[in-house]
Amino acid sequence: MALPPQTRVLLSIDFTAVEEINYQHIFEQMLDDCGLTATGHPLRSNWELNDRVTEKMKKWLGLTQNSTN
């Protein structure tokens, strides 16, 4: 059996103003929870990307089963 070539189409659409504000707010909450500024820089001089921070990021991305804070 021969399969036809696969075609992939990627469509990009902009957020509405309300969606943009909402997602920006959620992103800022995630950064704060992970100890980062709004530009992604560490809030503390001794900040390091460790398992605790990685798990928090996974939680925000919905990649973990644990939904507790």
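None of these values were measured; they are calculated from a predicted model. (Residues numbered from 1 in each chain as written. Predicted model: local features only at pLDDT ≥ 70, side-chain atom pairs only at ≥ 80, totals over all residues. Heavy atoms only, no water.)

**Q** Would you explain the overall build of the protein in this entry?
**A** Looking only at helices and strands, one finds two helices and zero strands in the protein. Relative to the 2.2 N^0.38 estimate, which gives 11 Å for 69 residues, the radius of gyration of the protein is 18 Å and therefore markedly larger than a compact globule would have. Principal-axis analysis of the C-alpha atoms gives the protein an extent of 60 × 35 × 25 Å. Sorting the 69 residues of the protein into buried and exposed places 9% on the buried side. In the protein, 19% of the contacts between residues at least 6 apart in sequence involve partners at least 24 apart. Of the accessible surface of the protein, which amounts to about 6,600 Å², a share of 56% is contributed by carbon and sulfur atoms. Across the protein, the 6 positively charged side chains and the 9 negatively charged ones have centroids separated by 8 Å. (Helix = DSSP H or I, 4+ residues; strand = E, 2+ residues; numbered from the N terminus. Rg over C-alpha atoms; globule rule 2.2 N^0.38 Å. Buried < 20%, exposed > 50% of the residue type's maximum accessible area, 1.4 Å probe, protein only. Contact = heavy atoms within 4.5 Å. Areas by Shrake-Rupley, 256 points an atom, 1.4 Å probe, with all protein chains shown as cover. Lys, Arg positive; Asp, Glu negative; His and termini not counted. Charge placed at Lys NZ, Arg CZ, Asp CG, Glu CD.)

**Q** When you look at helix H1 (residues 17-33) in this model, what are you seeing that I'm missing?
**A** Along an α-helix, residues three or four positions apart point the same way, because every turn accommodates 3.6 residues. Over its 17 residues, H1 extends 24 Å from the first C-alpha to the last, a length consistent with the 24 Å expected when each residue adds 1.5 Å. Directly beyond the C-terminal end of H1, a positive phi value near 80 degrees is found at Gly35. (Expected span 1.5 Å × (residues − 1).)

**Q** Looking at this structure, how should I read the packing of H1 against helix H2 (residues 51-61)?
**A** Packed helix pairs are characterised by how far apart their axes lie and by the angle those axes make with each other. Where H1 contacts H2, the two axes come as close as 10 Å, and the packing angle between them is 160 degrees. Regarding the angle of H1 to H2, the classification is roughly antiparallel. Relative to H2, the crossing made by H1 is right-handed. For the pair formed by H1 and H2, the contact residues are Ile26, Gln29, Met30 and Asp33 on the first element and Lys56, Met57, Lys59 and Trp60 on the second. For the contact of H1 with H2, the residue count by class is four nonpolar, one polar and three charged. (Axes fitted to C-alpha atoms, helices over the stretch in contact; angles between N-to-C directions. Parallel < 35°, antiparallel > 145°, perpendicular 65-115°, else oblique. Left-handed = near helix turned anticlockwise from the far one by under 90°. Nonpolar A, V, L, I, M, F, W, Y, C, P; charged D, E, K, R; others polar.)

**Q** How should a nonpolar patch on the surface be read in this particular structure?
**A** The grouping of Phe15, Tyr23, Ile26 and Trp60 at the surface amounts to a nonpolar patch, some 380 Å² of accessible area in total. Judged by relative accessible area, Phe15 falls into the partly exposed class, the value being 46%. (Patch = residues over 30% accessible without salt bridge, like charges linked within 9 Å, V, L, I, M, F, W, Y side chains within 5 Å. Salt bridge = Lys/Arg side-chain N within 4 Å of Asp/Glu carboxyl O.)

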